[in-house]
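For reference, the chains in residue letters:
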Amino acid sequence: MTATTARNRMLGHVISAEQFDRGLLDLLFLRATALAGVRDDRLAHRVMATLFYEPSTRTRLSFESAMLRLGGSVIGTEAAHTFSSAIKGETLEDTVRMVSTYADLIVLRHDEAGAAARAASVASVPVVNAGDGPGEHPTQALLDLYTIERELGRVEGVSVAFCGDLRFGRTARSLALLLALYPGVRLAFVAPAVIQVGGDILARLEARGVECRLAEQLTDVLDDVDVVYQTRVQKERFTDPVEFEQARTAIRIDGAIMRQLPAKAIVMHPLPRVDEIAPEVDADPRAAYFRQAANGVAIRMAVLEMLLS
Ligand code: NCD
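What counts and what doesn't
Residues numbered from 1 in each chain as written. Predicted model: local features only at pLDDT ≥ 70, side-chain atom pairs only at ≥ 80, totals over all residues. Heavy atoms only, no water. Domains from an automatic or database assignment. Contact = heavy atoms within 4.5 Å. Buried area = accessible area lost by both parts, 1.4 Å probe. Salt bridge = Lys/Arg side-chain N within 4 Å of Asp/Glu carboxyl O. Helix = DSSP H or I, 4+ residues; strand = E, 2+ residues; numbered from the N terminus. Nonpolar A, V, L, I, M, F, W, Y, C, P; charged D, E, K, R; others polar. Polar contact = N/O pair within 3.5 Å; in protein donor to acceptor, adjacent residues only side chain to side chain. Axes fitted to C-alpha atoms, helices over the stretch in contact; angles between N-to-C directions. Parallel < 35°, antiparallel > 145°, perpendicular 65-115°, else oblique. Near = heavy atom within 4 Å. Areas by Shrake-Rupley, 256 points an atom, 1.4 Å probe, with all protein chains shown as cover.

Trainee: In this structure, what is going on with the domain arrangement of the chain? I would like to understand it.
Mentor: Size of an interface: often given as the accessible area lost when the parts come together. Taken domain by domain, the chain consists of domain 1 (3-136 + 295-308) and domain 2 (138-293). For domain 1 versus domain 2, the distance between C-alpha centres works out to 24 Å. Taken together, the contact pairs 32 residues of domain 1 with 29 residues of domain 2. Buried surface at the junction of domain 1 and domain 2, summed over both partners, amounts to about 2600 Å²; 57% is from carbon and sulfur atoms. Joining domain 1 to domain 2, the criterion identifies five salt bridges. Tallying contributions element by element places helix H2 (residues 22-35) first for the side of domain 1 that touches domain 2, with six residues. Across the side of domain 1 that touches domain 2, the residue classes tally to 13 nonpolar, nine polar and 10 charged.

Trainee: Please clarify how the side chain of Asp 144 should be interpreted in this entry.
Mentor: Looking at the element boundaries, Asp 144 is found in helix H7 (residues 138-152). Polar side-chain contacts of Asp 144 include one of 2.8 Å to the side chain of Gln 292. Apart from residues lying up to four places away in sequence, Asp 144 is in contact with Leu 175, Tyr 229, Met 268 and Gln 292.

Trainee: Looking at this model, I keep getting lost on the packing of helix H8 (residues 170-179) against helix H9 (residues 199-207). Mind explaining?
Mentor: Helix packing for two helices is described by the angle between their axes and how far apart those axes are. It is at 10 Å that the axes of H8 and H9 come closest, and there the two elements cross at 10 degrees. It follows from the interaxial angle that H8 and H9 lie roughly parallel. Where H8 approaches H9, its residues Arg 173, Ala 176 and Leu 177 are matched on the opposing element by Asp 200, Ile 201, Arg 204 and Leu 205.

Trainee: I'm lost on the site of the ligand in this one. Help?
Mentor: Around the ligand, the neighbouring residues are Thr 59, Arg 109, His 137, Gln 140, Arg 170, Thr 171, Arg 232, Gln 234, Pro 270, Leu 271 and Pro 272. One of the side-chain nitrogen or oxygen atoms of His 137 is found 2.8 Å away from an oxygen atom of the ligand. Contacts to the ligand include Leu 271, whose backbone N or O atom sits 3.0 Å from a nitrogen atom. Protein contacts shield 93% of the accessible area of the ligand, which totals 310 Å² for the unbound molecule. Here the residues of the shell around the ligand sort into three nonpolar, five polar and three charged.

Laid out in structure tokens, this is it:
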């Protein structure tokens, strides 16, 4: 399959993990591996706009780095609720219509689920969802899946324990949907009830025949995992501070957990972490989260190449 065929299959936008199939993922991962470390000008004269209504470090900077390494240019606004005309009352749709005329691609992060789909419906250039509230974060899921394949040498048949904030955490939602494409994958969702994964995701996974189980303690599933995917409790999405406090410290990975983790398993986290992984874990070779974050540049280079060349 050529990059052009693949692009057509993605309909020009990257909104949800559900747009991807195995062929497209294999192609993207091949391209990411080929593009890692590349500096050239294949996207010269192309402009990428980053429109970020929520804070970001890794996602925005790795997209910008990916575009610059391919010779493209970057414009953008962070804190777009206050630094863009949103503060004057402009709708997301109007902003996106305009930015479509200034850039060849828009990377959008927004606090409302469904915002990326709304933007795509009015944009005249590709829109990439860089996180839409508690909705999805498909390019994070791509780099997470790529990390699993590189670290473990396979995705088929892996056992993944998602931990932490599975109610509001968009990265876990998108990654679970991608993992559902691989036969034999087993998923555990480990969280207290207040932040357990949504029924919408479970229904989609079960419809695809994915083996899922729910647990409250990481130690209940630890002996049978290849990947522990820890996530931050999303303080900014709680309306009830009491609920947040109950959720905040529920699941923590520390030296004691690492001693029980199988020798070949890895610990991942989309980052930023607060205190859900103790710093003492960082030195363990099974701590894959910084290698995971580094993979973001190559994956985003592959995504940009696919959408723009
Ligand atoms: C995540 C996000 O923004 O959803 N971060 C990221 O993109 N790497 C996770 C988080 O904010 O906790």
